[in-house]
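Okay, here's what each chain looks like letter by letter:
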Amino acid sequence: MMNSKYVPKRRFKEFELDDEWEQLKLGDHANILTGGTPNTSISSYWEPKEIPWMSSGEVNKRRLDKTDNMVSNDGIRNSSARWVKKHSILIALAGQGKTRGMVAVNNIPLTTNQSVAAIEPDKTLNYEFVFQNLSKRYDELRLISSGDGSRGGLNKQIVSDISIACPNVNEQELIGNFLADFDSLITMNQHKLDKLKNLKKSYLAELFPAEGKRVPKRRFPGFEGEWEEKKLGEIVEVNSGKDYKHLVDGEIPVFGTGGYMLSVSEALSFRDGIGIGRKGTIDKPFILKAPFWTVDTLFYCIPKDEYDLQFVNSLFNLVKWKEYDESTGVPSLSKVSINNIQVFSPSLDEQKIIGRFLMQLEKQISLQQQKLDKLNDLKKAYLNELFV
């Protein structure tokens, strides 16, 4: 073993005076195995569903308590799929998009396909420590893949040769448990955010008329009667953004289809509006707080005096924008297509109540998203400081 000349930036107090960390090769301290796929044309290999079997895409779950698929005992006997011990580290060797190089932990014994390598650590390595370490090294694992950086793949030998800087197993366990607890906190807050988003989705479905209806399923007290059918062009003024490159730098934000870009010295609008993509991202409208400038790939829509901004923003978010795509290539919208979209609207008083209600819910979602973002940033900081 070769001693590392580094120690982590942050160390738990009880280990501050301990020796430097050592570089270990995974293949020397873990059993590395790959799996296989039973023949899909033989039904007896897949029925009855007896044994958990995971594909590489399931590493996205990060912690597996179950698998999407099951195989039969006959399937295992007649394939290269092999049992993987509980609390192993599962790394995707290949896969579409971002999957390759991602890692997960199995909380149950399972089998895998050939695109997953299982790392079964020996007593010198704590599984949670190794999992967190490799999670942090995602970009590195992508780079050491065989082939080029985009189409290559990992293999059993590459995984075996991965070096990992380690303290003694007691310190590993403390680090691993600390980060696992942090993951649980992040997961809990992600669930809260998902719940709020689903609640908003449910309210939108009930506070606005369903297709073919003129009144909503849920209504605030004091309001009755059918909503009035309108075209969006009667509700908002649709304006085109412009090229901003000639403008002087300043404090007014510039928005494009990808969100906030930079700032300039002049504004296109001094009234709040709604941004909707003219080209590219056409299905993600958002509120623009004045003053603002928008690029020429973004429309900005200003509600007319008798319409509430928050309510109109909800109308925009309920429109199935891709149905109005006028291009066979890059998605695009026109002023004409926006102006002619049919919607339903109540009185201004009812709009304001619906708008305020949804705005309060959106604030809760925003605050929860900010909390989750801070936790994820803090986790990244801990990963950088707790590992060499």
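Keep in mind it's a predicted model, so treat the numbers as computed, not measured.

Colleague: Got a minute to help me understand the environment of Arg62 in this structure?
Modeller: Relative to the elements of secondary structure, Arg62 occurs in the loop between strand E4 (51–54) and strand E5 (63–64). The exposure class of Arg62 is partly exposed, given its relative accessible area of 29%. Note: C-alpha distance between Arg62 and Val105 (43 residues apart in sequence) is 6.1 Å. At 3.3 Å, the side chain of Arg62 forms a polar contact with the side chain of Asp183.

Colleague: I tried to follow the pattern of salt bridges on my own but got confused; where do I start?
Modeller: Proximity of charged atoms lets side chains of opposite charge pair with each other. A complete count under the given rule lists 21 salt bridges for this structure. With a shortest N-O distance of 3.9 Å, Asp305 and Arg271 are connected by a salt bridge. One end of the pair, Asp305, is in the loop between strand E20 (298–303) and helix H8 (309–318); the other, Arg271, is in the loop between strand E16 (259–264) and strand E17 (273–277), with 34 residues separating them in the sequence. For Asp305, a relative accessible area of 68% puts it in the exposed group. One continuous salt-bridge network, built from bridges that share partners, spans Arg62, Arg63, Glu128, Asp183 and Lys379.

Colleague: Looking at this model, I keep getting lost on the sheet that holds strand E6 (residues 69–71). Mind explaining?
Modeller: Hydrogen bonds between backbone atoms are what pair the strands of a sheet, whose relative direction is either parallel or antiparallel. Spatial ordering of the open sheet is given by E6-E4-E10-E7, a layout of four strands whose pairing is mixed. At either end of the open sheet lies a strand with only one pairing partner, and these are E6 and strand E7 (83–84). In this structure, E7 lies alongside strand E10 (residues 110–112), joined through two bridges in antiparallel fashion. Along E10, the bridge assignment pairs Trp83 with Thr111.

Colleague: Looking at this structure, how should I read helix H6 (residues 169–207)?
Modeller: Given 3.6 residues to a turn, an α-helix orients residues that are three or four positions apart in the same direction. For H6, which comprises 39 residues, the first-to-last C-alpha distance of 56 Å matches the rise-based estimate of 57 Å (1.5 Å per residue) to within 8%. At the N-terminal boundary of H6, the capping side chain belongs to Asn168, with an oxygen 2.9 Å from the backbone nitrogen of Asn170.

Colleague: Looking at this structure, I do not really get the nonpolar core. What am I missing?
Modeller: Nonpolar side chains in soluble globular proteins tend to end up buried together. Residues Leu26, Ile91, Ile119, Leu134 and Val159 are the most contacted members of the largest nonpolar core, which totals 39 residues. If we ignore the near neighbours within four places in the chain, the residues touching Ile119 are Leu26, Ala30, Asn31, Ile32, Ser88, Ile89, Ile91, Leu134 and Val159. Counting residues in hydrophobic clusters, the runner-up holds 27 residues, among them Leu207, Phe299, Cys301 and Leu309.

Colleague: Looking at this model, I keep getting lost on the side chain of Lys230. Mind explaining?
Modeller: Here Lys230 lies in strand E13 (residues 228–231). You can call Lys230 buried: its relative accessible area is 16%. If we skip the residues at most four places from it in the chain, Lys230 touches Ile235, Tyr307, Ile341, Gln342 and Val343.

Colleague: I keep staring at the packing of H6 against helix H10 (residues 348–386) and nothing clicks. Help me out?
Modeller: Packed helix pairs are characterised by how far apart their axes lie and by the angle those axes make with each other. At a closest axis distance of 10 Å, the pairing of H6 and H10 adopts a crossing angle of 165 degrees. With respect to H10, the element H6 is oriented roughly antiparallel. Handedness of the H6/H10 crossing: left-handed. Class assignment of the residues belonging to the contact of H6 with H10 gives a composition of 23 nonpolar, six polar and seven charged.

Colleague: Help me understand the pairing of strand E11 (residues 116–121), please; the structure alone is not making it clear to me.
Modeller: Strand residues, when the strand is regular, have side chains that alternate between the two faces of the sheet. Taking burial as the measure, the six residues of E11 include five buried ones, the bulk of the element. As judged from the five bridges shared by strand E3 (residues 30–34) and E11, these two strands associate in the antiparallel manner. When the sheet's bridge partners are listed, Asn31 is paired in E11 with Glu120. Relative to E11, strand E8 (residues 89–92) runs antiparallel, the two sharing four bridges. Within the sheet, the bridge partner assigned to Ile91 lies in E11 and is Ala117.

Colleague: Even after reading the chapter, I still don't get the environment of Thr124, so can you show me in this structure?
Modeller: Along the chain, the position of Thr124 falls in the loop between E11 and helix H3 (127–136). Those residues in contact with Thr124 that lie beyond four places of it in its chain are His29, Val169 and Gln172. One polar contact links Thr124 to His29, side chain to side chain, over a distance of 2.9 Å. For Thr124, the side chain forms a polar contact with the side chain of Asp122, separated by 2.5 Å.

Analysis parameters
Residues numbered from 1 in each chain as written. Predicted model: local features only at pLDDT ≥ 70, side-chain atom pairs only at ≥ 80, totals over all residues. Heavy atoms only, no water. Helix = DSSP H or I, 4+ residues; strand = E, 2+ residues; numbered from the N terminus. Buried < 20%, exposed > 50% of the residue type's maximum accessible area, 1.4 Å probe, protein only. Polar contact = N/O pair within 3.5 Å; in protein donor to acceptor, adjacent residues only side chain to side chain. Salt bridge = Lys/Arg side-chain N within 4 Å of Asp/Glu carboxyl O. Pairing = 2+ DSSP bridges. Expected span 1.5 Å × (residues − 1). Core = buried A, V, L, I, M, F, W, Y, C linked by side-chain atoms within 4.5 Å. Contact = heavy atoms within 4.5 Å. Axes fitted to C-alpha atoms, helices over the stretch in contact; angles between N-to-C directions. Parallel < 35°, antiparallel > 145°, perpendicular 65-115°, else oblique. Left-handed = near helix turned anticlockwise from the far one by under 90°. Nonpolar A, V, L, I, M, F, W, Y, C, P; charged D, E, K, R; others polar.

These figures capture arrangement, not role.
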